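Residue-level listing of the chains:
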Amino acid sequence: MKYLTLSILFVASLMGLRGQQSVVDPIQAYSESITADDMKAHLYFLADDLLEGRETGERGQHLASIYIRAHFMRLGLLPGNPTDQTYFQKFYLNKSKVNAATINMNGEEFEFGKGFVGSASMPSEMTADLVFAGFGLSKEGYDNLAGVDLTNKVAIILSGTPEGMEAPEGNLFGQIKSLKARGEALIAKGAKGVIASIPDSVYKIMARYSRTRSTSISAKPQAEAPFLMFQDQDIANLLTKGKKSIPELREAMVSSATLPKTKLKKKNMVLKADVEFKSKSASNVLAYLEGTDKKDELLIITAHYDHVGIGRNKQVYNGADDDGSGTTAVLELAEAFVEAAKNGEGPRRSILFMTVSGEEKGLLGSEFYTDNPLYPLERTVADLNIDMIGRVDRRYEGNENEDNYIYLIGSDKLSTDLHELSEEANDKYTQLTLDYKYNDDKDPNRFYYRSDHYNFAKNNIPIIFYFNGTHEDYHQPGDDPDKIHYQKMENITRLVFATAWEVANREERIRVDKGE
């Protein structure tokens, strides 16, 4: 009788709360299910040596994917892949390793890793004519490709752009990414391959990297069209017989897209390569929470669950912060939203909780999703991406705010609505220090381009990237769960929840009102 009475009182109290819904703040109420203790429990498994560093395509990554799926299933979330009704979106990593390769151009032979570097994805043999394509740009107001026949030819392009010529000093990532994007566009137009001319200082860095790690990994089918990089001096000799330097050629094209005259006529290149190919499966893990009256619109919440695996010294790189912390946050956010839905307060818009793999290999899992979306990208209102929220960087170490700060990146790049909503959510619920240091377009670290949100942003989908900065254990074997600030993780994840709640439930969808 005692227990029956208590049960009746408990039910009555719940009914009383339901009757007072107008005064109970659901964000405050449901965010309380996000706790440091729960996050610690998840992370101590995900960052255990058993998972061998969760390298993409390896056993540990697959074990992590099973754990994440089990959590989503326990919550009762729908499979996120509507095509085959599973929680996985599978893709394949095509891995190639160059054992040896040579290129002969104009009678001069170059060796891979010494005379040229680039993609390890290349055919065993290839002969093709060469064509100069300037910066390789074709856009309104500036077209290097007018009258250039790319079909079955290897295109030579120069680094830099008419606007900036070179990316800021130290911005190696930005330079190479820009060149590769232009190279892919030329290959799509019919080029058989691309040779990029890069400054000697950049070439030396890339050559050193290629000699120690001559592999390339792609979520796309192995391309027979290679992307290769030569140093400026060698390309200058090829194009002008040394009479003009590459900086002079660049300068000539700053104000005019017309290609300067070169001596590149009826020359071809012969490539011979010994390349090993392997293919491994990987997957994104997705769960779907259907919305109510605006269910056709979708909010995506992402984190990458892969890391860098086991080092050459057999040490396990557990990646507790990078990005076990973000993955754990997604698991907790899913639980909070499910709890709300069970109480009749489900989100108006649908939510896709997605942990991706392949981020450490070049944002491959999120790229595969945006190239092969399971839900229309035009109906995707925003992506909230969480990558490293469990540690403290040197800037905040020892500071009274060390557990109450977060770097926000990208919130204002595409949408004023999203930025203002984020600020308001923080002011009302979490009062964290929102630091925009790395949101600066001129920041040499270019973090905006270095996590999975970028694949959504480049498709004109508003994003926020939550990030705590790097630390001494970044991509080191010391990134372990015992070093995580779990209260910090709880605080930040509650901010993400408050922001996600508003995005999912506001009357109007987030507007894109800024440049692409």
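Residues numbered from 1 in each chain as written. Predicted model: local features only at pLDDT ≥ 70, side-chain atom pairs only at ≥ 80, totals over all residues. Heavy atoms only, no water.

## Notes on the packing of helix α9 (residues 320-342) against helix α13 (residues 486-505)
Contact geometry for α9 and α13: axes closest at 10 Å, N-to-C directions at 50°. Considered as vectors, α9 and α13 are oriented oblique to each other. Where α9 crosses over α13, the handedness of that crossing is right-handed. For the pair α9 and α13, contact is made by Ser 325, Thr 328, Ala 329, Leu 333, Ala 336, Phe 337 and Ala 340 and by Met 489, Thr 493, Val 496, Phe 497, Ala 500 and Trp 501, respectively. Looking at the contact of α9 with α13 residue by residue, the classes come out as 10 nonpolar, three polar and no charged. (Axes fitted to C-alpha atoms, helices over the stretch in contact; angles between N-to-C directions. Helix = DSSP H or I, 4+ residues; strand = E, 2+ residues; numbered from the N terminus. Parallel < 35°, antiparallel > 145°, perpendicular 65-115°, else oblique. Left-handed = near helix turned anticlockwise from the far one by under 90°. Contact = heavy atoms within 4.5 Å. Nonpolar A, V, L, I, M, F, W, Y, C, P; charged D, E, K, R; others polar.)

## Thoughts on the pairing of strand β14 (residues 349-356)
Counting buried positions along β14 yields eight of eight residues, so the element is predominantly enclosed. Here strand β13 (residues 294-304) runs beside β14; their pairing, made up of eight bridges, is parallel. The partner of Ala 303 across the bridge, within β14, is Thr 355. In this fold, the crossover linking β13 to β14 by way of α9 has right-handed handedness. (Buried < 20%, exposed > 50% of the residue type's maximum accessible area, 1.4 Å probe, protein only. Pairing = 2+ DSSP bridges. Right-handed = clockwise from strand over helix to strand, strands pointing away.)

## Comments concerning the nonpolar core
The biggest cluster of nonpolar side chains holds 63 residues, and the ones touching the most others in it are Phe 72, Leu 299, Phe 353 and Tyr 466. Considering every element that reaches this core, the biggest residue donor is α13, with 11 residues. Every residue in contact with Tyr 466, bar those within four places of it in the chain, is listed here: Leu 384, Asn 385, Ile 386, Asp 387, Met 388, Ile 389, Ile 406, Tyr 407, Leu 408, Leu 495, Val 496 and Thr 499. (Core = buried A, V, L, I, M, F, W, Y, C linked by side-chain atoms within 4.5 Å.)

## Brief notes about the packing of helix α3 (residues 36-46) against helix α4 (residues 59-75)
Where α3 meets α4, the axes come as close as 10 Å, and the angle between the chain directions of the two elements is 155°. Between α3 and α4, the angle falls in the class roughly antiparallel. Taking contact as the criterion, the partners of Ala 41, His 42, Phe 45 and Leu 46 in α3 are, on α4, Ala 64, Tyr 67 and His 71. Of the residues in the contact of α3 with α4, the class split is five nonpolar, two polar and no charged.

## Some details on a negative patch on the surface
A cluster of acidic residues, Glu 420, Glu 424, Asp 427 and Asp 513, forms a negative patch at the surface. Following the sequence through the fold, Glu 424 ends up in helix α11 (residues 416-430). (Patch = residues over 30% accessible without salt bridge, like charges linked within 9 Å, V, L, I, M, F, W, Y side chains within 5 Å. Areas by Shrake-Rupley, 256 points an atom, 1.4 Å probe, with all protein chains shown as cover. Salt bridge = Lys/Arg side-chain N within 4 Å of Asp/Glu carboxyl O. Lys, Arg positive; Asp, Glu negative; His and termini not counted. Charge placed at Lys NZ, Arg CZ, Asp CG, Glu CD.)

## Points about a positive patch on the surface
A surface patch of positive charge is lined by Lys 241, Lys 243, Lys 261, Lys 263 and Lys 265. Relative to the helices and strands, Lys 265 is located in the loop between α8 (246-252) and β12 (268-289).

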